[in-house]
Amino acid sequence: MPTIPAVEVSGLVMRYGDKVAVDGLDLAVAEHTITAVLGPNGAGKTTTLETCEGYRRPQQGAVRVLGLDPTADQRALLPRIGVMLQGSGAWSGVRAMEMLRHIARLHAHPLDVDLLADRLGLHDCGRTPYRRLSGGQQQRLGLATAVVGRPEVVFVDEPTAGMDPLARRTTWELLEELRADGVTVVLTTHYMDEAERLADQIHIIDQGRMIASGTPADLTRGGTATIRLVVTKPFPPGAPASLQEALGPQVSVTPISDVSLLIAGPADSTTLATVAGWCELQGVLPESLNLGQRNLEDVFLELTGKDLPRD
Amino acid sequence: MTEVRAEGRGTFAPRPGAAPLTRQVLAQASMEARLMVRNGEQLLLAVVIPVLVLVGGVAGAHRIGIHFHERAVDALTPGVLALAVMSTAFTSLAIATGFERRYGVIKRLGASPLPRSGLLMGKIGGLLVVELMQVVVISGVGLVLGWRPHTSVVAIAGAFLALLVGTFAFASLGLFLAGALRAEATLAAANLVYLLLMAGGAVVLPADAYGGAGHALGWLPSGALGEAMRTALTHGNLAVGDLLVLAAWGALGTVLTAKTFTWE
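Residues numbered from 1 in each chain as written. Chains lettered and ligands numbered in written order. Predicted model: local features only at pLDDT ≥ 70, side-chain atom pairs only at ≥ 80, totals over all residues. Heavy atoms only, no water.

1. Concerning the overall build of chain B
Assigned secondary structure in chain B consists of 10 helices and zero strands. Secondary structure elements in chain B, listed N-terminal to C-terminal, are α-α-α-α-α-α-α-α-α-α. Looking at chain B as a whole, 52% of its 264 residues are labelled buried. Distance between charge centres in chain B, computed from 18 positive and 13 negative side chains, equals 8 Å. (Helix = DSSP H or I, 4+ residues; strand = E, 2+ residues; numbered from the N terminus. Buried < 20%, exposed > 50% of the residue type's maximum accessible area, 1.4 Å probe, protein only. Lys, Arg positive; Asp, Glu negative; His and termini not counted. Charge placed at Lys NZ, Arg CZ, Asp CG, Glu CD.)

Here it is, written out as structure tokens:
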């Protein structure tokens, strides 16, 4: 592991009026890695990223990117980073390739724009005005403009939001190739599969605080078994607690909604029998009982008590 | 696509760096000019309305009871040039900038190597390119209609200065408007101000055509720009007072913009 982190956030606090968006966040990103910042909407992901990009000055704490202060050393830093914002960021009348060429011209040694457009499938819509691009095309153009300047660090905010599965895979492959070629990638996402597939390091944040971080394997602890129970009508009050009691301390029970819950622990026949017996006792009818390996989604749910939005 | 890897370095191997500032500014200026020319409404404002005003004015001034000291085409063409500068530097710039803020364009460029000063220079460059095209078209139409402008060095320099200082004044006010209001409000206000000044701001018609109010109109940026153009191209003189009035408006606009403008 290299000694100087590409990105270092220490004790960052950011508030909007009374609302605390980032609450004492510490985070370090090693060079040449993909780091995913994972969290629900409003967790403080974008605020953290925008502080790294020099848009916002830290209210407390410090941020360093490539050893530089993003606001004080902005002119030195900006050519070295690539930024993909959430949402638009282009003139409504600009054609897709025209926008990409324009950003390329602002850099000293840009990538070949045609090559990049091939990679991201932008040639089909190269002459289309920005306002007529689909959401996925706009996202791909945003990614292309973020990497065209051959940056050392790329910040991508929700890169695959609104993309179809093929475009998502293309984007993932591009991000992996960036890492292989020595670029450091920091991405925010609320897609578990994206974080699990891409990231060397995952930081889960919720309400502006870091609640867990580690490699995907660390976080899922080698894959404990889980059972997701969904019932046909809402559980009676106190259901999770009574099921927890029935199963014993080796197993954890986390409510997901009033008709579903997550059981993590040894999913053996004893556990299954206990769950089935408990359902009968409570007078609820199981609609589905899914056995699986504990994945990032389960970890997230256990940590935050929130289910992430799905596609 | 096959990957091109030279000496173990991949396609995306970092090689960061900002382009030289002049190249960035030229790129920005050409982008701004292209976007402005591509936009139908802005083209209407930039060329079609001034040409209609010129042709209509020359053909119909007599009939609506306006009398000039000179031939109508000589009196009107400099004012229409002033109108064209106003439409681009003020109205088009304000509207474009308002929507750039709304669509996050300025924010996006804020993360690029282009510094804010470069963005501003690029915008001014874009305005000057469009204004040059307007001058060519309007002067051409004027000449066809029989315009005989002064062409002495002082006259040309005076007109050029009027265009530059007028652009400074109106652009600073346009940016102030775009920074202070939301995009739609900017659109409405910039068009309204343009129409009011075109009709009553002594830009196309000389200040004395407005009777008693004429003197006061000379203090407006529109009146000052119109007078500066007329003084140069109709009388062959330099309108120092009017240029100073424009510079003062420019200074005011700059201070207001600096105090209030936010990039998002």
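2. With respect to the sheet that holds strand β6 (residues 153-157) of chain A
All names here are of chain A. Strand order in this open sheet of six strands is β5-β6-β7-β3-β8-β9, and the pairing throughout is mixed. Each having just a single partner strand, β5 (81-84) and β9 (209-214) make up the two edges of the open sheet. When the angles between neighbouring strand axes are averaged without regard to direction, this sheet yields 15 degrees. Of the pairings in the sheet, the one linking β6 to strand β7 (residues 184-189) comprises five bridges and is parallel in character. Within β7, the residue paired with phenylalanine 155 across the bridge is valine 186. Set on the sheet, helix α5 (residues 135-147) makes contact with β5 and β6; between it and β5 the angle comes to about 170 degrees. (Pairing = 2+ DSSP bridges. Axes fitted to C-alpha atoms, helices over the stretch in contact; angles between N-to-C directions. Contact = heavy atoms within 4.5 Å.)

3. Things to note about the nonpolar core
Counting residues in each nonpolar core, the largest one holds 58 residues, and the members touching the most others are Leu116 and Ile202 of chain A. Ranked by the residues each element gives to this core, the list is headed by helix α3 (residues 96-105) of chain A, at six residues. Non-local contacts of leucine 116 of chain A, meaning those with residues more than four positions away in its chain, are made with Leu100, Leu111, Ala144, Val147 and Val148 of chain A together with Phe12 of chain B. Leu45, Val51, Leu54 and Met198 of chain B belong to the second-largest nonpolar core, a separate cluster that totals 53 residues. (Core = buried A, V, L, I, M, F, W, Y, C linked by side-chain atoms within 4.5 Å.)

4. Description of the packing of helix α6 (residues 153-180) of chain B against helix α7 (residues 183-200) of chain B
All names here are of chain B. Close contact between α6 and α7 brings their axes to 9 Å; oriented N to C, the two are set at 145 degrees. Crossing angle aside, the handedness with which α6 passes α7 is right-handed. When α6 is examined against α7, the residues Phe170, Leu177 and Ala178 are found in contact with a partner set consisting of Thr186, Ala189, Ala190 and Leu197. Its residues placed into classes, the contact of α6 with α7 shows six nonpolar, one polar and no charged. (Left-handed = near helix turned anticlockwise from the far one by under 90°. Nonpolar A, V, L, I, M, F, W, Y, C, P; charged D, E, K, R; others polar.)

5. Considerations on the interface of chain A and chain B
Of the residues lining the interface, 42 residues belong to chain A; the matching set on chain B comes to 34 residues. Surface buried jointly by chain A and chain B totals about 3800 Å² across both partners, of which 60% is contributed by carbon and sulfur atoms. When the buried area of chain A at its contact with chain B is split by residue, Trp91, Leu106 and Arg150 of chain A rank highest and sum to 19% of it. Scanning the region where chain A abuts chain B turns up three salt bridges. Of the charged contacts in the structure, one is a salt bridge between glutamate 98 of chain A and arginine 34 of chain B, with a shortest N-O distance of 2.6 Å. (Buried area = accessible area lost by both parts, 1.4 Å probe. Salt bridge = Lys/Arg side-chain N within 4 Å of Asp/Glu carboxyl O.)

6. Things to note about the domain arrangement of chain A
One can read the domain layout of chain A as domain 1 (7-218) and domain 2 (224-293). Here domain 1 of chain A and domain 2 of chain A have C-alpha centroids that lie 39 Å from each other. (Domains from an automatic or database assignment.)

7. Some words on the pairing of β9 of chain A
Residues and elements named next belong to chain A. Here strand β8 (residues 201-206) runs beside β9; their pairing, made up of five bridges, is antiparallel. Paired with isoleucine 205 across the strands is methionine 210, a residue of β9. Connecting β8 to the antiparallel partner β9 that follows it, the hairpin turn spans two residues, and glutamine 207 within it adopts a positive phi of roughly 50 degrees.

8. Considerations on α7 of chain B
Residues and elements named next belong to chain B. Taking 1.5 Å as the rise per residue, α7 with 18 residues should run 26 Å; its terminal C-alpha atoms sit 25 Å apart, in good agreement. Check the buried side of α7 and you find it contacts α2 (40-60), α3 (72-102), α6 and α9 (221-233). One or two steps after α7, the chain reaches alanine 202, where phi turns positive at roughly 60 degrees. (Expected span 1.5 Å × (residues − 1).)

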